[in-house]
Amino acid sequence: MSAHILVNSHALEHFVHDVYADAGLSDTDAALIAKSLVQADLWNHQSHGVLRMPWYWERLRRGSMSQSTRIEVVRSKGAVAVLDAQDGVGQVVAKHAMDLAIEKAKAHGVAAVTVRNSNHFGTLMYYTRMATEAGCIAFLTSNGGPAMAPWGGAKRKIIGTNPWSIAAPAAGRPPIMLDMANTGVARGKIYLARQRREPIPLGWALDADGAPTTDPEAAINGIILPMAHHKGYAIAALMDVLAGVLSGAQFLSGVNGPYHYDKRSGVGHFLTVYDIEAFMDRAEFDARMERFITEIKAQPLAQGFDEIFYPGEMEALAAERHLREGLRLPEDTWSDLAEVAREVGLMGVLDKCQGATSGRAVE
């Protein structure tokens, strides 16, 4: 098992910003990608945190992801918009698409936006949460590079994990948020297990020969299994219809993951936003959400559980703890960050990240 490095999240965010600024991103774009990656770590989603920073950095260096994100509006009709990201930075594209969807939802009550020719953008709930702050509910899905075979297929992976997220305001509490892949586990968690030098549980993946494996390296080179057997496969396929087919993006085996440094991703996104005030008064919605959450949390506990959490609550609590105590990054993740830091002359900045208290406000 890999050792861990205690890291100050505020300083880490500055380091990641400086790396991307050095790679040619604008100050605003570098700040966004840094904030979103560190936020994933704060939420305890290390599979989508700074572990991925070297991947995006390498794609920028090789030109498979554009340093300057220029988004073209392909179609715009009432509550609907179709965007072409032209290989721009995924995080910048996702924020732009969500901002536009919120604007259209405020005008029309609901909105739907699709995106083609984009890139991987990390955790989805960073962007669905944006809608909750505007008094809306949001749904977002994105396709991704092939990770699993179709149900009943042998060995060849053609379907991505194709994650999706839903987020809603929670009446003065942290938002209720879901962010999940359609495989039994997000591919990033297998990369994280490799970074931690830990085996993965049986049932997560098959190796290249189709045999069950606990070796994360063999799993990465093999096939990740769908959640709930045929149900996960079916959901992933339909998410690709929305994010890939409908958007005009690549789909199935045409999509490339962020670790394919020399290949265009061709990723597509699909998002819908619902303005709560178009459905009912906000005060009524908040009261109903409070009753909803209270009933969930008031249920008798099963053996081995101390509390019932609503979706998104554990992430909020993890962020508070990590801001107070510091982030614990796997030593291998730290080594990968240090390799980039040495390459761009920012080792001194990275060294300042070691420590605990960040002083950054909880998000």
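Since the structure is predicted, the reported quantities are computational estimates derived from the model, not experimental observations. (Residues numbered from 1 in each chain as written. Predicted model: local features only at pLDDT ≥ 70, side-chain atom pairs only at ≥ 80, totals over all residues. Heavy atoms only, no water.)

**Considerations on helix α3 (residues 53-62)**
Link 1 in the chain: The buried fraction of α3 is high, at 8 of 10 residues.
Link 2 in the chain: Buried within α3 we find Met53, Pro54, Trp55, Tyr56, Trp57, Glu58, Arg59 and Leu60.
Link 3 in the chain: Those residues of α3 that are buried lie in contact with α1 (9-22), α2 (27-42), α4 (90-108), α6 (187-196) and α11 (331-344).
Link 4 in the chain: Backbone geometry just downstream of α3 places Gly63 in the positive-phi region, at approximately 85°. (Buried < 20%, exposed > 50% of the residue type's maximum accessible area, 1.4 Å probe, protein only. Helix = DSSP H or I, 4+ residues; strand = E, 2+ residues; numbered from the N terminus. Contact = heavy atoms within 4.5 Å.)

**Observations concerning the pairing of strand β4 (residues 110-118)**
Put simply, side chains in a regular strand alternate between the two faces of the sheet.
Link 1 in the chain: Examined bridge by bridge, strand β3 (residues 80-84) and β4 share 5 bridges and lie parallel to one another. For Leu83, the partnering residue across the bridge sits in β4 and is Val115.
Link 2 in the chain: Traced from β3 through α4 to β4, the parallel crossover comes out right-handed.
Link 3 in the chain: Where β4 meets strand β10 (residues 267-275), 7 bridges bridge the pair, whose relative direction is antiparallel. Within β10, the position partnered with Val115 by the bridge is His269. (Pairing = 2+ DSSP bridges. Right-handed = clockwise from strand over helix to strand, strands pointing away.)

**Remarks on the packing of aromatic side chains**
Link 1 in the chain: Under the criterion given, the structure shown has 7 aromatic pairs.
Link 2 in the chain: Members of the aromatic cluster, each reached through a chain of ring pairs, are Trp55, Tyr191 and Tyr259. (Phe/Tyr/Trp six-rings, centres within 6.5 Å; stacked < 30°, edge-to-face > 60°.)

**Details of a nonpolar patch on the surface**
Link 1 in the chain: A grouping of Leu238, Val241, Val245, Phe251 and Leu252 is seen on the molecular surface, where their side chains present a nonpolar patch of about 420 Å² in accessible area.
Link 2 in the chain: For Phe251, the position within the fold is in the loop between α8 (230-245) and β10. (Patch = residues over 30% accessible without salt bridge, like charges linked within 9 Å, V, L, I, M, F, W, Y side chains within 5 Å. Areas by Shrake-Rupley, 256 points an atom, 1.4 Å probe, with all protein chains shown as cover. Salt bridge = Lys/Arg side-chain N within 4 Å of Asp/Glu carboxyl O.)

**Brief notes about the nonpolar core**
Link 1 in the chain: Of all hydrophobic cores here, the largest spans 67 residues; its most connected members are Leu12, Phe15, Val16, Tyr20, Met53 and Met98.
Link 2 in the chain: With 9 residues, α4 is the largest single contributor of residues to this core.
Link 3 in the chain: Apart from the residues lying within four places of it in its own chain, the contact partners of Tyr20 are Leu25, Ala30, Ile33, Leu37, Arg52, Met53, Tyr56, Trp57 and Leu60. (Core = buried A, V, L, I, M, F, W, Y, C linked by side-chain atoms within 4.5 Å.)

**Things to note about the packing of α1 against α11**
Link 1 in the chain: Relative orientation of the contacting elements α1 and α11 amounts to 50°, with a least axis distance of 11 Å. Accordingly, the angle class assigned to the pair α1 and α11 is oblique. Handedness of the α1/α11 crossing: left-handed. Contacts from Leu12, Phe15, Val19 and Asp22 in α1 reach Leu337, Val340, Ala341 and Val344 in α11.
Link 2 in the chain: The residue makeup of the contact of α1 with α11, split by class, is 7 nonpolar, no polar and 1 charged. (Axes fitted to C-alpha atoms, helices over the stretch in contact; angles between N-to-C directions. Parallel < 35°, antiparallel > 145°, perpendicular 65-115°, else oblique. Left-handed = near helix turned anticlockwise from the far one by under 90°. Nonpolar A, V, L, I, M, F, W, Y, C, P; charged D, E, K, R; others polar.)

Such coordinate-based values are descriptive only and should not be taken to indicate function.
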